[in-house]
Amino acid sequence: MTDGTPLLVAFDLDDTLAPSKSAIDPRIADLLVALAERVEVAIISGGQLAQFTAQVVDRLPDASADALSHLHLLPTCGTQYYRLTPDGVVTVYAHSLTDDQKSRALAAVEGEARRLGLWEAETWGDILEDRGSQITFSALGQRAPLAAKTAWDPTGEKKNTLRAAVAVLIPDLEVRSGGSTSVDITHRGIDKAYGMRQLAEQTGISLDDMLFVGDRLDPDGNDYPVLAMGVTCHAVEGWEDTADFLDALIPTLPERAGH
């Protein structure tokens with residue numbers, strides 16, 4: 001960024017724009033639209049499109065088609081890419097796993113979770129999910145309350161042990177720690193840095209002109225690959241932090257012509 005002004009601002013979703021699996025606050029919704037009137041806005045998360053829609057898209061205030069056209073959605077760390085249009089969400093691409101890769105991933109993660117005593121009896125929703133381009137294991141289910149998720153694996157040891165065990169069984173696929181209780185399986189080389197490179201390719205905006213905002217920029221965090229690739233990053237500790245940051249950032253950005 002030559003003068004410190006980004007041309008694109010990308011965000012993690014859970015615990016950056018909203019509490020885990022929850023809808024964005026109206027304050028964040030207004031700020032995202034105001035930001036999209038100035039620069040490109042992207043959201044990159046391990047979650048699937050349905051989560052992006054429920055947590056963000058459905059919560060945005062009435063905004064011009066032009067503003068919405070500057071919003072980029074990258075579920076499953078950028079293995080899927082969507083844009084918003086007046087007619088709804090449009091697919092730019094989706095790189096799905098093969099049926100063979102999916103079946104081997106599902107078998108490996110369930111088998112190892114049971115062997116390690118991490119297959120829980122009391123859950124909220126599906127433990128295993130086929131997200132097309134990603135298989136996700138959620139120890140307590142997709143709809144587990146935040147308090148239960150936080151208490152299940154406060155040190156991350158359970159999740160990391162499972163990740164390592166599964167990775168041995170499916171060396172042709174990438175096995176990563178996802179959210180607080182989840183493990184994600186994708187094509188190799190898929191992380192949020194991959195998503196940022198896809199953004200650069202699709203938009204023509206250099207990584208040097210991008211800013212990434214996330215809550216897990218620590219070396220063990222799933223946002224860290226973006227920091228490691230050299231993209232300018234801003235660390236937050238929750239959506240309120242992000243809102244305060246945007247309150248300060250947006251007035252420094254020039255408005256796009258026509259606004």
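Before reading further, recall that the structure is shown in the block above.
To start, this report covers the structure provided alongside it. Predicted model only: the values in this text are computed from it and were never measured.

So, how was this worked out
Residues numbered from 1 in each chain as written. Predicted model: local features only at pLDDT ≥ 70, side-chain atom pairs only at ≥ 80, totals over all residues. Heavy atoms only, no water. Helix = DSSP H or I, 4+ residues; strand = E, 2+ residues; numbered from the N terminus. Rg over C-alpha atoms; globule rule 2.2 N^0.38 Å. Buried < 20%, exposed > 50% of the residue type's maximum accessible area, 1.4 Å probe, protein only. Contact = heavy atoms within 4.5 Å. Pairing = 2+ DSSP bridges. Axes fitted to C-alpha atoms, helices over the stretch in contact; angles between N-to-C directions. Phe/Tyr/Trp six-rings, centres within 6.5 Å; stacked < 30°, edge-to-face > 60°. Salt bridge = Lys/Arg side-chain N within 4 Å of Asp/Glu carboxyl O. Expected span 1.5 Å × (residues − 1). Polar contact = N/O pair within 3.5 Å; in protein donor to acceptor, adjacent residues only side chain to side chain. Parallel < 35°, antiparallel > 145°, perpendicular 65-115°, else oblique. Left-handed = near helix turned anticlockwise from the far one by under 90°. Nonpolar A, V, L, I, M, F, W, Y, C, P; charged D, E, K, R; others polar.

## As for the overall build of the protein
Now for step 1: Looking only at helices and strands, one finds nine helices and 11 strands in the protein.
Now for step 2: Here the C-alpha atoms of the protein give a radius of gyration of 18 Å, agreeing with the 18 Å that 2.2 N^0.38 yields for 259 residues.
Now for step 3: Summarising its shape, the C-alpha atoms of the protein cover approximately 60 × 35 × 35 Å along the three principal directions.
Now for step 4: A buried classification covers 51% of the 259 residues belonging to the protein.
Now for step 5: A separation threshold of at least 6 residues defines the contact pool for the protein, and within that pool the share at least 24 residues apart is 62%.

## Thoughts on the sheet that holds strand S1 (residues 8–11)
Now for step 1: Pairing within the open sheet is mixed, and its seven strands lie in the order S5-S4-S3-S2-S1-S10-S11. Every interior strand has two partners, whereas the edge strands, strand S5 (88–94) and strand S11 (232–235), have only one. Between one strand and the next, the sheet's axes are offset by a mean angle of 25°, whatever the strand orientation.
Now for step 2: The sheet contact formed by S1 and strand S2 (residues 40–44) spans four bridges and is parallel. Pairing of Ala10 across the sheet is with Ala42, part of S2.
Now for step 3: Running at roughly 145° to strand S10 (residues 210–214), helix H7 (residues 192–203) makes contact with S1, S2, strand S3 (71–74), strand S4 (80–85), S5 and S10 of the sheet.

## Concerning the packing of aromatic side chains
Now for step 1: Under the criterion given, the structure shown has two aromatic pairs.
Now for step 2: Considering the side-chain rings of Tyr81 and Tyr93, the 5.6 Å spacing of their centres and the 50° angle between planes classify their relative orientation as tilted. Highlighted residues: Tyr81 in strand S4 and Tyr93 in strand S5, separated in sequence by 12 residues. Summarising the burial analysis for this pair, Tyr81 and Tyr93 share the class buried.
Now for step 3: Plain terms: the ring middles of Trp119 and Phe137 are 6.3 Å apart, the flat faces sit at 40° to each other, and that makes the pair tilted. Of this pair, Trp119 sits in the loop between helix H4 (99–115) and strand S6 (128–130) while Phe137 sits in strand S7 (residues 135–138); the two residues are 18 residues apart in sequence, bridging distant segments of the chain.

## Brief notes about the pattern of salt bridges
Now for step 1: Per the stated rule, a full pass over the model turns up 16 salt bridges.
Now for step 2: A salt bridge links Asp14 to Lys21; the nearest nitrogen and oxygen atoms lie 3.5 Å apart.
Now for step 3: A relative accessible area of 32% means that Lys21 is categorised as partly exposed.
Now for step 4: In this structure, Glu110 engages Arg114 in a salt bridge whose closest nitrogen and oxygen atoms are separated by 3.0 Å. With Glu110 and Arg114 both in helix H4 and four residues apart, the pair spans about one turn of that helix.
Now for step 5: By relative accessible area, Arg114 is classed as partly exposed at 47%.
Now for step 6: Several salt bridges converge on common partners, so that one network encompasses Asp12, Lys192 and Asp223.

## Thoughts on H7
Now for step 1: An ideal rise of 1.5 Å per residue puts 16 Å on 12 residues; H7 measures up with 16 Å between its terminal C-alpha atoms.
Now for step 2: Those residues of H7 that sit buried are Lys192, Ala193, Tyr194, Gly195, Met196, Gln198, Leu199 and Ala200.
Now for step 3: Where H7 begins, one side-chain oxygen reaches toward the backbone nitrogen of Ala193, 2.9 Å away; that side chain belongs to Asp191.
Now for step 4: Downstream of H7 by one or two residues, Gly204 has phi in the positive range, about 75°.

## Observations regarding the packing of H4 against helix H6 (residues 157–169)
Now for step 1: Where H4 contacts H6, the two axes come as close as 9 Å, and the packing angle between them is 135°. One element, H4, and the other, H6, form an angle in the oblique class. Where H4 crosses over H6, the handedness of that crossing is right-handed. Residues Ala108, Val109, Glu112, Ala113 and Arg115 of H4 lie in contact with H6, whose contacting residues are Leu162, Ala165, Val166 and Leu169.
Now for step 2: In terms of residue class, the contact of H4 with H6 is built from seven nonpolar, no polar and two charged.

## Some thoughts on the packing of helix H1 (residues 26–36) against helix H9 (residues 239–249)
Now for step 1: Two numbers describe how H1 lies on H9: the axes approach to 10 Å, and their chain directions differ by 35°. Judged by the sense of rotation from one axis to the other, the crossing of H1 with H9 is left-handed. In this structure, H1 contributes Arg27, Ile28, Leu31 and Leu35 to the contact, and H9 contributes Trp239, Glu240, Thr242, Ala243, Asp244, Leu246, Asp247 and Leu249.
Now for step 2: Of the residues contributing to the contact of H1 with H9, the split by class is seven nonpolar, one polar and four charged.

## Looking at the sheet that holds strand S8 (residues 173–177)
Now for step 1: Spatially, the four strands line up as an open sheet ordered S6-S7-S9-S8, and their pairing is antiparallel. For this open sheet the edge positions go to S6 and S8, each flanked by a neighbour on one side alone. Taken pair by pair, the neighbouring strands of this sheet meet at an average axis angle of 15°, ignoring direction.
Now for step 2: Sheet analysis places S7 next to strand S9 (residues 182–187), joined by four bridges and oriented antiparallel. Pairing of Phe137 across the sheet is with Val183, part of S9.
Now for step 3: Relative to the sheet, H4 contacts S6, S7, S8 and S9, its axis offset from that of S7 by approximately 15°.
Now for step 4: The strands touched by H6 within the sheet are S7, S8 and S9, with S8 carrying the most contacts at an inclination of about 175°.

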